[in-house]
Amino acid sequence: MRPDGRQPDDLRPVSFERDYTDAALGSTLVRFGRTTVLCTASVDEDVPRWMRGRGTGWVTAEYSMLPGASEERIRREVKDGKPSGRTQEIQRLIGRSLRAVCDMGALGERAVTVDCDVLQADGGTRTASICGAWVSLHDACTRLVQRGAVATHPLTTTCAAISVGIVDGTPVLDLPYVEDSTAEVDMNVVMAGDRLVEVQGTAEGVPFDRAGLDALLDLAEKGIGELSALQRATVAEAPAPR
C-alpha cells in the first residue's frame, strides 16, 4: 500500500474543468491529486516568420510554476531574465507532444500557444500539463471549426502523459512528490493514442534492467489509457461557441 492508500497501478484522482477562464479559446484546470495546473490555449492568426507562406500552422507551449505552488516560495524566472533549463525542457516537451497529434495543414497559417501554469505542485506537473493542454487545444480547435476558420478538426487523436517509477523495488504509477523524491527509477511517458511520443527514464541510483523498463511501460500504457478515456469523455460535448 502506498502512502496515499493507492495500489501500485492506481492513478491519483484526476479531473478536467473546462472553460476555467473566459478569454482564451480553450482553458482547462487539470488536477492530478494535489497537483493543479491551469492550461490556456490562445490562437494567433499568424505563424512565426520562418513558416509564412507554407499554408501550415504551429503549436507551441510555455510552462511556469507560480511562486506559491510549493511550500517554499518559487522565484519568478522573469527576475532572471530567462526561463531555467528545467522550464525550457518541460515546455519543449509539451509542445512536441501536442504537435505529434495536430495536423498542421488542417490548422492553416495560425499559431496556437498553450500556457501551462502550475498553481500547486505535488509531483507530475509536466504530465498533468500535457493532459490538460490537450483538452484546451481540443476546445480551441473546436471553436475554430465552429467559426468556419478551419474546415476539419486538426487533432488526430488524444495525447496524454503519466509518470511511473520504481519505489522500494516496486513499479508504481503516477508518483506524488513524496514518492518521486525517493524513487530509484523515475520515468515520464507520453503517448499519442496507443503510440509512444516520448519516454524519459532515469535511474536515480542502481541501474534498472529491461524487465523493469517493460514493467514501467506497461504501467504507463494502462494509466494513459485511462487518462485518454477521461479526455475523450471531457470533450465529447462541444464547448459553447465564442
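Residues numbered from 1 in each chain as written. Predicted model: local features only at pLDDT ≥ 70, side-chain atom pairs only at ≥ 80, totals over all residues. Heavy atoms only, no water.

1. A look at the overall build of the protein chain
Broken down by element type, the protein chain carries five helices and nine strands. Going from N to C terminus, the protein chain has its helices and strands arranged as β-β-β-β-α-α-β-α-β-β-α-β-β-α. Counting only C-alpha atoms and orienting by the principal axes, one finds that the protein chain spans roughly 55 × 40 × 30 Å. Classification of the 242 residues of the protein chain by burial places 47% in the buried group. Taking contacts inside the protein chain between residues at least 6 apart in sequence as the whole, the part at least 24 apart equals 71%. For the protein chain, the computed accessible surface area is about 11,400 Å², with 49% contributed by carbon and sulfur atoms. (Helix = DSSP H or I, 4+ residues; strand = E, 2+ residues; numbered from the N terminus. Buried < 20%, exposed > 50% of the residue type's maximum accessible area, 1.4 Å probe, protein only. Contact = heavy atoms within 4.5 Å. Areas by Shrake-Rupley, 256 points an atom, 1.4 Å probe, with all protein chains shown as cover.)

2. Description of the UniProt feature "binding site: phosphate" (unreviewed entry) in the protein chain
Following the UniProt record, the feature "binding site: phosphate" (unreviewed entry) maps to Arg86, Gly124, Thr125 and Arg126 here. A compact arrangement is adopted by the annotated residues: their sequence extent is 41 residues, whereas the largest C-alpha distance between any two is 13.7 Å. Inspection of the secondary structure puts Arg86 in helix 1 (residues 85-99). With residues up to four places along the chain from it excluded, the contact list for Arg86 reads Tyr63, Met65, Thr125 and Arg126. Tracing the chain through its elements places Thr125 in helix 3 (residues 125-147). Excluding residues that lie within four positions of it along the chain, Thr125 makes contacts with Thr35, Val37, Tyr63, Arg86 and Val118. (UniProt positions renumbered as here; feature names shortened; annotations may be inferred.)

3. As for the packing of aromatic side chains
What the rule picks out here adds up to one aromatic pair. On the basis of an interplanar angle of 75° and a centroid distance of 5.5 Å, the ring pair of Trp50 and Trp58 is categorised as edge-to-face. The class of Trp50 is exposed, set by a relative accessible area of 51%. Residue class for Trp58 comes out partly exposed when judged on its relative accessible area of 23%. (Phe/Tyr/Trp six-rings, centres within 6.5 Å; stacked < 30°, edge-to-face > 60°.)

4. A few points about the pattern of salt bridges
Throughout the structure, instances matching the rule amount to 15 salt bridges. Across the pair Asp4 and Arg6 runs a salt bridge, and its minimum N-O distance is 2.8 Å. Close ionic contact of Arg75 with Asp80 constitutes a salt bridge, the shortest N to O distance being 3.1 Å. Taken together, the salt bridges that share partners define one network made up of Asp19, Arg143 and Arg242. (Salt bridge = Lys/Arg side-chain N within 4 Å of Asp/Glu carboxyl O.)

5. Quick notes on the packing of helix 3 against helix 5 (residues 210-234)
Running from N to C, helix 3 and helix 5 cross one another at 25°; their axes reach a closest spacing of 10 Å. In this view, helix 3 runs roughly parallel relative to helix 5, as classed from their interaxial angle. The interaxial crossing formed by helix 3 with helix 5 has right-handed handedness. Here helix 3 contributes Cys131, Trp134 and Val135 to the contact with helix 5, which in turn contributes Leu227, Gln231 and Thr234. (Axes fitted to C-alpha atoms, helices over the stretch in contact; angles between N-to-C directions. Parallel < 35°, antiparallel > 145°, perpendicular 65-115°, else oblique. Left-handed = near helix turned anticlockwise from the far one by under 90°.)

6. Topic: the sheet that holds strand 2 (residues 26-32)
What the five strands build is an open sheet, ordered 1-2-3-5-4; its pairing is mixed. With one partner strand each, in any of the chains shown, strand 1 (14-18) and strand 4 (58-65) form the two edges of the open sheet. When strand polarity is set aside, the average angle formed by the axes of neighbouring strands in this sheet is 20°. Here helix 1 sits on the sheet in contact with strand 4 and strand 5 (111-120), set at roughly 145° to strand 4. Where helix 5 meets the sheet, it contacts strand 1 and strand 2, and its direction lies at approximately 25° from that of strand 1. (Pairing = 2+ DSSP bridges.)

7. Observations regarding helix 3
With 23 residues, helix 3 should cover 33 Å at 1.5 Å per step; its first-to-last C-alpha distance of 33 Å lies within 8% of that length. Most of helix 3 sits inside the fold, with 20 of its 23 residues counted as buried. Trailing helix 3 by a residue or two, Gly148 shows a phi angle of about 80°, which is positive. (Expected span 1.5 Å × (residues − 1).)

8. With respect to the nonpolar core
In this structure, Val59, Ile94, Leu98, Cys116, Trp134, Ile162 and Val164 are the most contacted members of the largest nonpolar core, which totals 55 residues. It is helix 3 that provides the largest number of residues to this core, a total of ten residues. The contact partners of Ile94, leaving out residues within four places of it in the chain, are Ala61, Tyr63, Cys116, Ser129, Ile130 and Ala133. (Core = buried A, V, L, I, M, F, W, Y, C linked by side-chain atoms within 4.5 Å.)

9. Considerations on the environment of Glu226
Secondary-structure assignment places Glu226 in helix 5. Under the relative-accessibility criterion, Glu226 is labelled partly exposed at 35%. The spacing of Glu226 and Leu11 is 215 residues in sequence and 8.6 Å in space, taken between C-alpha atoms.

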